[in-house]
Protein chains: 2
Amino acid sequence: MDDTTRTRRAAHDYVDRLEHRDWSGLAGLLTDDVVYEMPQTRERIRGRDRFLRFNIDYPGDWHLRMRRVVADDRTAALWLDVRVAAEQQDACVWLEVSEGGLISRIVDYWPEPYEPPPGREHLVERW
Amino acid sequence: MDDTTRTRRAAHDYVDRLEHRDWSGLAGLLTDDVVYEMPQTRERIRGRDRFLRFNIDYPGDWHLRMRRVVADDRTAALWLDVRVAAEQQDACVWLEVSEGGLISRIVDYWPEPYEPPPGREHLVERW
């Protein structure tokens, strides 16, 4: 398995372990000193134990589905479909993988819906 | 040049041509029927001419810098640092590339800052 295949696999496994609340499986994908960041809130969580706790405690019956993953040897970008009850949101996640194939850094973006500014209606269609 | 290298190059060129307002150069990177989507506003622009017009007309002295790109043979994910005067925002962009190496689909996410919900202060640091 080449490094790109390994990184893509880590990305799929990451989403799978979260979706299945397989916390020991998730722990096995992460470096001890994994860093998790949410730039929109300027929040950072350091270390596997705290990151697991964050996920275990996260409220709501959330579900994740991979829409797309792009990987190279040490980085992956994930486009997720996230659902909590009837609410749907997309997320963009950036992963860095260590030399040993473990996830060492996770950066999450949670883009919210908003109304478009006026002035471009002649160019766009809405869905 | 293999397909992954070509797709990564297209991603870098896309940002470069936008940043330099090189509209003919940008046009040369796109398929005639390129589709541009902004899922947060549920807006879609069809076709190269309209997409160019959208960018030419876009207000503000905006500047783009590539923070990261991940590419495979036909897809790229771009993490951008976007600045308009003193305002800074990150963007996540997904590109699809045609068999001929032209960009055929662009999906933009513009995540906005927000305040974190209470209850996780014991796990996180802020920056």
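Counting of residues starts from 1 at the beginning of each chain's written sequence and follows it residue by residue. Written order decides the labels, with chains lettered from A and ligands numbered from 1. In keeping with the predicted nature of the model, local features appear solely for residues at pLDDT of at least 70, side-chain atom pairs appear and are counted solely at 80 or more, and the whole-chain, interface and lining totals rest on all residues. Side-chain descriptors were evaluated using all non-hydrogen atoms of the structure, hydrogens and water having been removed beforehand.

For chain A, the helix and strand inventory stands at 3 helices and 7 strands. Along chain A, from the amino end to the carboxyl end, the secondary structure elements read α-α-β-β-α-β-β-β-β-β. By its C-alpha atoms, chain A is 50 × 35 × 25 Å across when sized along the principal axes. The cut-offs for exposure are 20% and 50% of the maximum accessible area for each residue type, with area from a 1.4 Å probe on protein chains only; residues under the lower value are buried, those over the upper are exposed, and the others partly exposed. Relative to its full complement of 127 residues, chain A shows a buried share of 51%. When contacts within chain A are restricted to residue pairs at least 6 apart in sequence, long-range pairs at least 24 apart make up 44% of them. Each accessible area value is a Shrake-Rupley result obtained with a 1.4 Å probe; residue values ignore everything except the protein chains displayed when judging cover. Carbon together with sulfur atoms contributes 47% to the accessible area of chain A, which is approximately 6300 Å² in total. Secondary structure elements follow DSSP: runs of H or I no shorter than four residues count as helices, runs of E no shorter than two count as strands, and numbering proceeds from the N terminus. Should any heavy atoms of two residues lie within 4.5 Å, those residues are counted as being in contact.

Taken together, the 45 residues of chain B in the interface contact 45 residues of chain A. Once two parts are brought into contact, the accessible area they lose, counted with a 1.4 Å probe and summed over both, makes up the buried area. Where chain B abuts chain A, roughly 4600 Å² becomes buried across the two surfaces, and 58% of that area is made up of carbon and sulfur atoms. It is Trp-94, Leu-123 and Trp-127 of chain B that lose the most area in chain B upon contact with chain A, and together they represent 18% of the buried surface on that side. Between Lys or Arg on one side and Asp or Glu on the other, a salt bridge is scored when a side-chain nitrogen of the former is within 4 Å of a carboxyl oxygen of the latter. Where chain B meets chain A, there are 8 salt bridges. A salt bridge links Glu-43 of chain B to Arg-120 of chain A, with the nearest nitrogen and oxygen atoms 2.6 Å apart. Every element with two or more residues in the side of chain B that touches chain A is listed here: strand 1 (30-38), strand 2 (43-46), helix 3 (48-57), strand 3 (62-71), strand 4 (75-84), strand 5 (87-97), strand 6 (103-109) and strand 7 (125-126) of chain B. Sorting elements by how many residues they give to the side of chain B that touches chain A places strand 3 of chain B first, with 5 residues. Three classes are used: nonpolar for Ala, Val, Leu, Ile, Met, Phe, Trp, Tyr, Cys and Pro, charged for Asp, Glu, Lys and Arg, and polar for all others, with Gly counted as polar. A class-by-class count of the residues in the side of chain B that touches chain A yields 23 nonpolar, 4 polar and 18 charged.

Low pLDDT marks regions whose predicted coordinates should not be analysed in detail. Scored from 0 to 100, pLDDT records how confident the predictor is in each individual residue. Of all residues in chain A, 100% have pLDDT values of 70 or greater, and the mean over the chain is 97. As a predicted assembly, this complex carries a pTM of 0.96 together with an ipTM value of 0.95.

In this section: the UniProt feature "domain: SnoaL-like" (unreviewed entry) in chain A. The UniProt record annotates "domain: SnoaL-like" (unreviewed entry) at residues 12-105 of chain A. For residues 12-105 of chain A, the end-to-end C-alpha separation is 15 Å, with 24% helix and 50% strand making up the annotated structure. UniProt positions are given in the numbering used here, feature names are shortened, and annotations may be inferred rather than shown by experiment.

Note that strand 3 of chain B and strand 4 of chain B share 9 bridges and pair antiparallel. Looking at the pairing, Val-69 of chain B lines up with Leu-78 of chain B of strand 4 of chain B. DSSP calls a pair of strands paired once it identifies at least 2 bridges connecting them.

A few words now on the nonpolar core. In this structure, Tyr-14, Leu-26, Leu-78, Leu-95, Ile-103 and Ile-106 of chain B are the most contacted members of the largest nonpolar core, which totals 34 residues. Of all the secondary structure elements, the ones that give two or more residues to this core are helix 1 (3-19), helix 2 (23-27), strand 1, helix 3, strand 3, strand 4, strand 5 and strand 6 of chain B. In this structure, Leu-95 of chain B is in contact with Ala-11, Tyr-14, Arg-74, Thr-75, Ala-76, Leu-78, Ile-103, Arg-105 and Ile-106 of chain B, ignoring residues within four places of it in sequence. We call a set of buried Ala, Val, Leu, Ile, Met, Phe, Trp, Tyr and Cys residues a nonpolar core when their side-chain atoms join them within 4.5 Å. Membership of the second largest hydrophobic core comes to 33 residues, among which are Leu-18, Leu-26, Phe-54 and Ile-106 of chain A.

Moving on to the environment of Gly-100 of chain A. Here Gly-100 of chain A is to be found in the loop between strand 5 (87-97) and strand 6 (103-109). Sequence separation of Gly-100 of chain A and Asp-3 of chain A is 97 residues, and the distance between their C-alpha atoms is 9.7 Å.

Turning to helix 1 (residues 3-19) of chain A, a few remarks are in order. Residue and element names in this part refer to chain A. In a helix, the anticipated span is given by 1.5 Å times the number of residues less one. For helix 1, spanning 17 residues, the distance from its first C-alpha to its last is 24 Å, which sits close to the expected 24 Å at 1.5 Å a residue. Along helix 1, the residues classified as buried are Thr-7, Ala-10, Ala-11, Asp-13, Tyr-14, Val-15, Arg-17 and Leu-18. The secondary structure elements touched by the buried residues of helix 1 are helix 2 (23-27), helix 3 (48-57), strand 3 (62-71), strand 4 (75-84), strand 5 and strand 6. Distance and chemistry together define a polar contact, namely a pair of N or O atoms within 3.5 Å, with one atom able to donate a hydrogen and the other to accept it when in protein, and with adjacent residues in sequence counting only for side-chain atoms on both sides. Two to three positions downstream of the cap, the backbone nitrogen of Thr-4 sits 3.3 Å from a side-chain oxygen, assigning the N-cap of helix 1 to Asp-2. Arg-21, located one to two residues past helix 1, shows a positive phi value of around 50 degrees.

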